Amino acid sequence: MVSQVEGDGRATGIRGRIGEMCYSSGLLPPLQAMRAMLQKELRILAYHRIMPVPDPDTYEFDLELISATPERFHEQMSRIKRHFRPMRLTDVVAAMDAGQSLPPNAVAITFDDGYDDNYRYAYPILKDLGIPATFFVSTGHIDTGRPFGYDWLMHMILLTHAPRLDLPELGIDVPMPAERARRRELGGNVLLQMKNIDAFAQEALIARLEREWNLPCDHTPDDCRPMSWDQLRQMAAAGLEIGSHGVHHRMLAKMSPDAMVREVRESKATLDREIGADTVVMSYPVGGDRAYDRTVMDATREAGFDAAVCYICGTNPNPASNRYALHRLPVERNMGPGWFAAMLALPSLMSYPTQHREIEREAEPACSS
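The sections below set out a description of the structure shown in this document. As a convention, each chain's residues are numbered from 1 in the sequence order in which they are written. Side-chain atom pairs in this predicted model are given and counted only at pLDDT of 80 or more, local residue features only at pLDDT of at least 70, and totals for whole chains, interfaces and linings cover all residues. Note: side-chain values were computed over all heavy atoms of the structure, leaving out hydrogens and water.

### Considering the packing of aromatic side chains
Move 1: Centre distance within 6.5 Å is the pairing criterion for rings of Phe, Tyr and Trp, where only the six-membered ring of Trp is used; planes under 30 degrees apart are then read as stacked, over 60 as edge-to-face, and the remainder as tilted. In the structure shown here, the tally under the stated rule is 9 aromatic pairs.
Move 2: Between phenylalanine 111 and phenylalanine 135 the ring centres are 4.5 Å apart and the planes differ by 5°, which places this aromatic pair in the stacked class. Highlighted residues: phenylalanine 111 in strand β5 (residues 106-113) and phenylalanine 135 in strand β6 (residues 134-137), separated in sequence by 24 residues.
Move 3: You can call phenylalanine 135 buried: its relative accessible area is 1%.
Move 4: When the ring of tyrosine 115 is compared with that of phenylalanine 148, the centres are 4.8 Å apart and the planes differ by 45°; the resulting orientation is tilted. Linking tyrosine 115 in the loop between β5 and α5 (117-129) with phenylalanine 148 in the loop between α6 (139-144) and α7 (149-159), this pair joins segments that are 33 residues apart in sequence. Under the DSSP-based scheme used, a helix requires at least four consecutive residues in state H or I and a strand at least two consecutive residues in state E, with every element numbered from the N terminus. Only protein chains enter the area calculation, which uses a 1.4 Å probe; residues under 20% of their type maximum are buried, those over 50% are exposed, and those in between are partly exposed.

### A closer look at the packing of α7 against helix α8 (residues 180-194)
Move 1: The contact between α7 and α8 brings their axes to 9 Å, and the two run at 145°. Crossing of α7 against α8: the hand is right-handed. Of α8, the residues touching α7 (which contributes Tyr150, Leu153, Met154, Ile157, Leu158 and Leu159) are Arg180, Arg183, Arg184, Gly187, Gly188, Val190, Leu191 and Met194.
Move 2: A per-class count over the contact of α7 with α8 returns 9 nonpolar, 2 polar and 3 charged. Between the N-to-C directions of two axes lies an angle of 0 to 180 degrees, each axis being a line fitted to C-alpha atoms and, for a helix, fitted only over the stretch in contact. Crossing handedness follows the turn of the near helix against the far one: under a right angle anticlockwise gives a left-handed crossing, and clockwise gives a right-handed one. The criterion used for residue contact is that any of the two residues' heavy atoms lie within 4.5 Å. Residues are grouped as follows: Ala, Val, Leu, Ile, Met, Phe, Trp, Tyr, Cys and Pro are nonpolar; Asp, Glu, Lys and Arg are charged; every other residue, Gly included, is polar.

### Let's talk about the pairing of strand β8 (residues 172-175)
Move 1: A strand pair is defined by DSSP finding two or more bridges across the two strands. Strand direction decides the pairing type here: strand β7 (residues 164-167) and β8, joined by 4 bridges, are antiparallel. Its bridge partner being in β8, aspartate 166 is matched across the sheet by aspartate 173.
Move 2: Taking the residues between adjacent antiparallel strands as the criterion, β7 and β8 are bridged by 4 residues, where glycine 171 takes a positive phi near 70°.

### So, the side chain of glutamine 231
Move 1: If you trace the backbone, glutamine 231 turns up in helix α10 (residues 229-237).
Move 2: Discounting chain neighbours no more than four positions away, the residues touching glutamine 231 are Asp116 and Tyr119.

### Here we look at the pattern of salt bridges
Move 1: Salt bridge, as used here, is a side-chain nitrogen of Lys or Arg placed within 4 Å of a carboxyl oxygen of Asp or Glu. On inspection of all chains with the given rule, the structure shows 21 salt bridges.
Move 2: Because the salt bridges share partners, they merge into one network encompassing Asp230, Arg233, Arg273 and Glu274.

### Digging into helix α12 (residues 294-302)
Move 1: If you check which residues of α12 are buried, you get Val296, Met297, Ala299 and Thr300. Projection of α12 onto a plane perpendicular to its axis shows the buried side chains occupying an angular sector of 160°, all on one side. Exposed and oriented more than 90 degrees from the buried face of α12 are Arg294 and Glu302.
Move 2: Against the buried residues of α12 lie α11 (257-275), β10 (281-283) and β11 (307-313).
Move 3: In protein, a polar contact requires one atom able to donate a hydrogen and another able to accept it; more generally it is a pair of N or O atoms within 3.5 Å, and residues adjacent in sequence count only if both atoms are side-chain atoms. At the N-terminal end of α12, a side-chain oxygen is found 3.2 Å from the backbone nitrogen of threonine 295, two or three residues along, and the residue is aspartate 293.
Move 4: Following α12 by one or two positions, glycine 304 adopts a phi angle in the positive range, close to 110°. The directions from the helix axis to the C-beta atoms are what the arc is built from.

### Description of α7
Move 1: When you tally the buried positions in α7, you get 9 out of 11 residues, the bulk of the element.
Move 2: Looking at α7, one finds that the buried residues are Tyr150, Asp151, Trp152, Leu153, Met154, His155, Met156, Ile157 and Leu158.
Move 3: Packing partners of the buried residues in α7 comprise β2 (49-50), α8 and α9 (199-213).

### Remarks on the pairing of β11
Look at any regular strand and the pattern is simple: side chains alternate between the two faces of the sheet.
Move 1: Counting buried positions along β11 gives 7 out of 7 residues, so the element sits mostly inside the fold.
Move 2: Taking every second residue as pointing to the same face, both faces of β11 are buried, with Ala307, Val309, Tyr311 and Cys313 on one and Ala308, Cys310 and Ile312 on the other.
Move 3: Crossover handedness is defined by viewing with both strands directed away from the observer: a clockwise path from the first strand over the helix to the second marks the crossover as right-handed. With respect to chirality, the unit in which β10 leads through α12 into the neighbouring parallel β11 is right-handed.
Move 4: As defined by bridge partners, β11 adjoins strand β12 (residues 326-330) across 2 bridges and the pair is classed as parallel. Bridging across to β12, cysteine 313 finds its partner in arginine 328.

### So, the state of the cysteines
Move 1: In plain terms, two cysteine sulfur atoms within 2.5 Å form what is called a disulfide here. Inspection of every chain in the model, using the stated rule, returns 0 disulfides.
Move 2: The closest cysteine sulfur to the non-disulfide-bonded cysteine 217 is located on cysteine 224, 8.9 Å from its own sulfur.
Move 3: A relative accessible area of 0% means that cysteine 224 is categorised as buried.

### Brief notes about the environment of serine 267
Move 1: Within the element layout of this structure, serine 267 appears in helix α11.
Move 2: On the basis of relative accessibility, which here comes to 0%, the residue serine 267 falls in the buried class.
Move 3: When the C-alpha atoms of serine 267 and methionine 282 are compared, they prove to be 9.5 Å apart, with 15 residues separating the residues in sequence.
Move 4: Residues within four places of serine 267 in sequence aside, it is in contact with Thr139, Ser244, Gly246, Val247 and Phe305.
Move 5: Side chain to side chain, serine 267 and serine 244 meet in a polar contact 2.7 Å long.

Spelled out as structure tokens, the structure:
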């Protein structure tokens, strides 16, 4: 990773230290004001999970999906309420359709996947502060309550008693480390390599390991449970926005054209039916430059979506020019208050460069998921 976190949550990497220095020096407010005058841009923040950080030695799922603790998330949203203009993505789309400029310091808050900690922790905070947000969910997982495939793969690697990790699909055959921290590193590399193969080949690999290691995902532990439709309907009734993250969280560009079109259209039809409103925004699963292409964007538009976000780092100086590939800024749990504030004020300097993030980890963040 680019940075590590000390016990009090302060980032110790270069970006984290620079962000803390800018934050404590008082430079950020004038720099942000100057940027707002010079450049009207849309910032879209990308979160995955909001939950207390568990003990890495006992937690059985992917730590990298935890974007912030509830306390840190409340702190971040409070800052956005004070210093920025939080907007629903549908309001951004309406402004684009009307040819209107966005207000200075416009920010949209988004979540990918649909873990139920979004309901338990993020939703009450957003509701209390009156901040709009968009939750992109994979409808097949909401339907079944089954865990997400990538997270279950990490779970199996952490728990298996197999002596070796033999993945001929990826050209990997290595001894299985005894230490959990090293297994997490190995799992991260596997998740990175997975993005190179067909979406259905990814699912077949995971299913094979479930059988061979006798670790079927026929139940969903509380630590990786998706939201329910009742929870999502409650959030929508409170003014939060629900968008599509596909049906089965498949990389759309790694599917045949016909299967990809079905995945996009079925996700919208399910959301329209279950939420009772026209779904107009989409988030491409995984979201890096290997996860979507022109064919995927065309299918998204033709299915009736008005805009879509990817997981490539950056802001959107002219959102109308890339409304089907809107860039986002990922938030990760190693971001202290200074780094987060600096990323919002100076996103081009303080966010993760896309190519570096892809090398380090593309499991869900392709800033990248």
